[in-house]
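# Coordinate analysis (summary)
Residue-level listing of the chains:
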Amino acid sequence: MAPELPLLRDRLIRWANQNSGSDNLTGLAAMLGLLEADFAALPGVTVVRAACVHTTAQALRVSYRPEAPRQVLLCGHYDTVYGAGHSFQHCELVNDQTLRGPGVADMKGGLVVMLAALSAYLAASPSDTLGFEVLLTPDEETGSFGSAGLLAESARRHQLGLVFEPARPNGNLVQSRKGTGNFTVTCRGRAGHAAKTPSDARNAIAALAEFLVAAHRLPAELPGTLLNIGLVRGGSEATNVVPDFAQALLDVRVTRAADREPVLARLAELAAAINTREGLKLELTGSFNRPPKECGPAEEAAFAVYQACGRELGLAPFSWVHAGGGSDGNLLSAAGLPNLDGLGVIGDHLHSDREFCALPSLVERAQLAARFLQTIAAGKVAGV
Ligand SMILES: [Zn+2]
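Residues numbered from 1 in each chain as written. Predicted model: local features only at pLDDT ≥ 70, side-chain atom pairs only at ≥ 80, totals over all residues.

### Some remarks on the environment of Glu283
With respect to the secondary-structure elements, Glu283 resides in strand 14 (residues 281-290). Residues Glu283 and Cys187, 96 residues apart in the sequence, show an inter-C-alpha distance of 6.3 Å. (Helix = DSSP H or I, 4+ residues; strand = E, 2+ residues; numbered from the N terminus.)

Right under this line is the structure:
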């Protein structure tokens, strides 16, 4: 039974019009309520809320036949990057093919695809050999710190993960993802009067700037690495004071797990060069929160089947590509669960007020995921 576009479109509009910015606890609770009601309508499922750490926002777990021999985990996040105060709050139907709105691609559209796929799968006399769990989390956009434990726990009892993050604008899935890390660089110097000569003051901003200029060159030195200086602070409006404090926040990404060591070593070397100078102390804190999602043989085999399902349905051909952005697919990989990622809608301009999704992809990607579940149930996907 093919899902109907108007139904899926209207559900997506309803979900996307409910603000669920990662920091909007009230909005997240309201969104959780919408998801709980809609997922609970699937026949034969059990729905429970699960507590996260560091936040009162909850995750939702939907399970079906947990005793079946084949077990698949379907993952998605229901938070978005648009807070309650953001100007982008509502959907706009650009034309009958395109919906613009907050989270329509990343990834409430993906959640609509997931639900429609499960609904279609369950409506077609499902085999008792396949069970699944849906895990919907509230904090992916801020690093999944509160839900990482739930993801790891769920990963352990499944054989394959399906992540409904958006597909690429051309329809390609995601083959692998960079690992991501967040770091804070804190530089302490010595305050003094700007006019004093000779001066024993040490300018923390100038020293931090030296470090940052060198760190910014790191991607050129270490291929596969990305580094973004996201924020700099320090000093005061009293410009006659030599500032004794400056700080910067860095986003660092690596393609392979093995790339992490050289990046950290190089940053430590740059910090050490500043620290040899009297009166200055530069410290780097932070870590990689999501290891890279690397593609292994299990993913290769599952993707080949996914592509074949698309061909059987007569859908436009698609491939898969490496992505710089992390997702919970990274955490599933780290927990040892092979997974396919980018199974959600086709869309673009994520994290901006131009975010949109291609409406026909709601139906097509749902049919595709439903067909894939049937193929797993039939025992035709290696390892599941
Ligand atoms: Zn996302």
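### Let's talk about the nonpolar core
By size, the foremost hydrophobic cluster in this structure holds 80 residues, and its most contacted members are Val72, Leu111, Val113, Ala117, Ala369 and Leu373. Setting aside anything within four residues of it in sequence, one finds Ala369 in contact with Val113, Ala117, Leu162 and Leu343. Core analysis: the second largest hydrophobic core is formed by 20 residues, Val185, Phe211, Val252 and Leu267 among them. (Core = buried A, V, L, I, M, F, W, Y, C linked by C-beta atoms within 7 Å. Buried ≥ 20, exposed ≤ 12 C-beta atoms within 10 Å, placed from the backbone. Contact = placed C-beta atoms within 7 Å.)

### Considering the domain arrangement of the protein
Interface size is often expressed as the accessible area that is lost when the parts come together. Assigned domains of the protein: these are domain 1 (5-178 + 292-377) and domain 2 (179-290). For domain 1 and domain 2, the distance between their C-alpha centroids amounts to 37 Å. Taken residue by residue, the interface counts nine residues in domain 1 and eleven residues in domain 2. Here the side of domain 1 that touches domain 2 is composed, by residue class, of three nonpolar, four polar and two charged. (Domains from an automatic or database assignment. Nonpolar A, V, L, I, M, F, W, Y, C, P; charged D, E, K, R; others polar.)

### Details of unusual backbone geometry
The step from Asp106 to Met107 runs through a cis peptide bond, and the omega angle for that step is -15 degrees. Structurally, the position occupied by Met107 is in the loop between strand 5 (98-100) and helix 3 (108-123). Here Thr197 and Pro198 are connected by a cis peptide whose omega angle stands at -10 degrees. For Pro198, the position within the fold is in the loop between strand 10 (192-193) and helix 5 (204-216). Its identity as a non-glycine residue notwithstanding, His54 has a phi of 65 degrees, on the positive side. For His54, a count of 9 C-beta atoms within 10 Å translates into the label exposed. Positioned with a positive phi, His351 is a non-glycine residue whose angle comes to about 65 degrees. Secondary-structure assignment places His351 in the loop between strand 17 (347-348) and strand 18 (356-358).

### Structural notes on the sheet that holds strand 4 (residues 92-95)
Taken together, the four strands give an open sheet; going across it, the order is 4-5-18-17, and neighbouring strands pair in antiparallel fashion. In the strand order of this sheet, the two ends are held by strand 4 and strand 17, each with one partner. Across two bridges, the pairing between strand 17 and strand 18 is antiparallel. Note that in strand 18 the partner of Asp348 across the bridge is Phe356. (Pairing = 2+ DSSP bridges.)

### Here we look at helix 10 (residues 360-377)
The first and last C-alpha atoms of helix 10 sit 26 Å apart over 18 residues, in line with the 26 Å expected at 1.5 Å per residue. Counting buried residues along helix 10, 15 of its 18 residues qualify, which places the element largely inside the surrounding structure. (Expected span 1.5 Å × (residues − 1).)

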